[in-house]
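# Structural characterization, general
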Amino acid sequence: MDELQQTPRPRGRGIYLLPNLFTTGGLFAGFYAIIAATQGRFDDACIAVFVAGILDGLDGRVARLTNTQSEFGVQYDSLADLVSFGLAPALVMYHWALSSTLLDGPIPGKIGWVGAFLYAACAALRLARFNSQVGQVDKRWFIGLASPAAAGLVASFVWTCDDMGYSGEQLRYVALAVTVGAGLLMVSRMRYFSFKGGGPRHDRVPFLAIVVVLAVLVAIAIDPPRVLLAIGALYALSGPGYAIYRRMRRPAGSEAVT
């Protein structure tokens, strides 16, 4: 009888496999992007980066819906993100364009791989800062460009240019600027809208927002690389734009107080 009246055993840990499968899928997509880039299949590499982004957005939601959040899942997700959104975009860009800086001499050749490393290092710093500030910042905003968004910008740039017939050798210094710029935006203090809302009342979205989302999805289906590049570029520029807007408003506000 005593054994029958014991407290029920907690739910087995096997259910934690579900969100971690999505994380593993994202890790695999990032690893595949690296392999595809080394083989010159840049379209496949860029698509794999976006697949990793989709899976990264799903694993957290699955964990919350199934109530299977864990510290292990958080750490595993960060490590997978470093590969998928740090190393993979940097190496895709390096193999597509930055390695071509070697054509300009030994010193410019080093700039190419240094730029790729800078991006990967900034992604690692961005992820570490995000993990250390969980619960301390306003959920409506990201501090610095999120690593999946930066990876999407880099991947869509490569995808679009390759689809238009441009070679990485032709655009190597433009590619270097995009890579370094995306990396620096990740570690900046600029605010980016997170689209997470600020509470239960913000979970509801207007009907117009649904229409806009559907229109964007249709546009992506028609021309994925160019539409994704436009979205990525606009979102990346929204941080500096909002920072300029706040700075322009600040003097007027301070004068009104005095």
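Please refer to the structure higher up on the page.
Because the structure is predicted, anything quoted here is derived from the model rather than measured. (Residues numbered from 1 in each chain as written. Predicted model: local features only at pLDDT ≥ 70, side-chain atom pairs only at ≥ 80, totals over all residues. Heavy atoms only, no water.)

### Structural notes on a nonpolar patch on the surface
On the surface, a nonpolar cluster with roughly 910 Å² of combined accessible area is contributed by Phe207, Leu208, Ile210, Val211, Val212, Val213, Leu214, Val216, Leu217 and Ile231. Of all the elements, helix α7 (residues 207-222) adds the most residues to the nonpolar patch, at nine residues. Its location among the elements puts Phe207 in helix α7. (Patch = residues over 30% accessible without salt bridge, like charges linked within 9 Å, V, L, I, M, F, W, Y side chains within 5 Å. Areas by Shrake-Rupley, 256 points an atom, 1.4 Å probe, with all protein chains shown as cover. Salt bridge = Lys/Arg side-chain N within 4 Å of Asp/Glu carboxyl O. Helix = DSSP H or I, 4+ residues; strand = E, 2+ residues; numbered from the N terminus.)

### Notes on the pattern of salt bridges
Side-chain pairs of opposite charge can arise where the charged atoms are in close proximity. On inspection of all chains with the given rule, the structure shows four salt bridges. The salt bridge partner of Arg172 is Asp104, with a shortest N-O separation of 3.0 Å. Of the two residues, Arg172 is situated in helix α6 (residues 172-186) and Asp104 in the loop between α3 (71-96) and α4 (106-132); the sequence distance between them amounts to 68 residues. The buried category is assigned to Arg172, whose relative accessible area is 16%. In this structure, Asp163 engages Arg226 in a salt bridge whose closest nitrogen and oxygen atoms are separated by 2.9 Å. (Buried < 20%, exposed > 50% of the residue type's maximum accessible area, 1.4 Å probe, protein only.)

### Considerations on the environment of Arg226
Among the secondary structure elements, Arg226 is positioned in helix α8 (residues 224-257). In this structure, the C-alpha to C-alpha distance between Arg226 and Asp163, residues 63 residues apart in sequence, is 9.2 Å. Not counting residues up to four positions away in its chain, the partners in contact with Arg226 are Thr160, Asp163 and Met164. (Contact = heavy atoms within 4.5 Å.)

### Digging into the side chain of Thr101
By the secondary structure assignment, Thr101 is in the loop between α3 and α4. Residues within four places of Thr101 in sequence aside, it is in contact with Pro108, Gly109, Gly112, Arg172 and Tyr173.

### Some remarks on a positive patch on the surface
A contiguous patch of positive charge, built from Arg61, Arg64, Lys139 and Lys196, is present on the exposed surface. Topologically, Arg61 is positioned in helix α2 (residues 42-65). (Lys, Arg positive; Asp, Glu negative; His and termini not counted. Charge placed at Lys NZ, Arg CZ, Asp CG, Glu CD.)

### Comments concerning the environment of Trp159
On the secondary structure map, Trp159 appears in helix α5 (residues 147-163). Trp159 gets classed as buried once you look at its relative accessible area, which sits at 11%.

### As for the packing of α2 against α3
Running from amino to carboxyl end, α2 crosses α3 at an angle of 165°, the nearest separation of the two axes being 11 Å. One way to sum up the angle between α2 and α3 is to call them roughly antiparallel. The handedness of the crossing between α2 and α3 is left-handed. Counting all contacts with α2, which are made through Phe42, Ala45, Cys46, Val49, Ala52, Gly53, Asp56 and Asp59, the residues of α3 involved are Asp77, Asp81, Ser84, Phe85, Val92, His95 and Trp96. Its residues assigned to classes, the contact of α2 with α3 comprises eight nonpolar, three polar and four charged. (Axes fitted to C-alpha atoms, helices over the stretch in contact; angles between N-to-C directions. Parallel < 35°, antiparallel > 145°, perpendicular 65-115°, else oblique. Left-handed = near helix turned anticlockwise from the far one by under 90°. Nonpolar A, V, L, I, M, F, W, Y, C, P; charged D, E, K, R; others polar.)

### Points about the packing of aromatic side chains
What characterises a pair of aromatic rings is the spacing of the ring centres plus the angle enclosed by the ring planes. The final tally for this structure, using the stated rule, is eight aromatic pairs. Pairing Trp141 with Tyr242 gives two aromatic rings, centres 5.0 Å apart and planes at 20°, and the pair type is stacked. Taken together, the residues span a long stretch of sequence, with Trp141 in strand β1 (residues 141-143) and Tyr242 in helix α8 at a distance of 101 residues. With a relative accessible area of 18%, Trp141 lands in the buried category. Under the relative-accessibility criterion, Tyr242 is labelled partly exposed at 27%. An aromatic cluster is defined as three or more aromatic residues linked by ring pairs; in this entry it consists of Trp141, Phe193, Tyr242 and Tyr245. (Phe/Tyr/Trp six-rings, centres within 6.5 Å; stacked < 30°, edge-to-face > 60°.)

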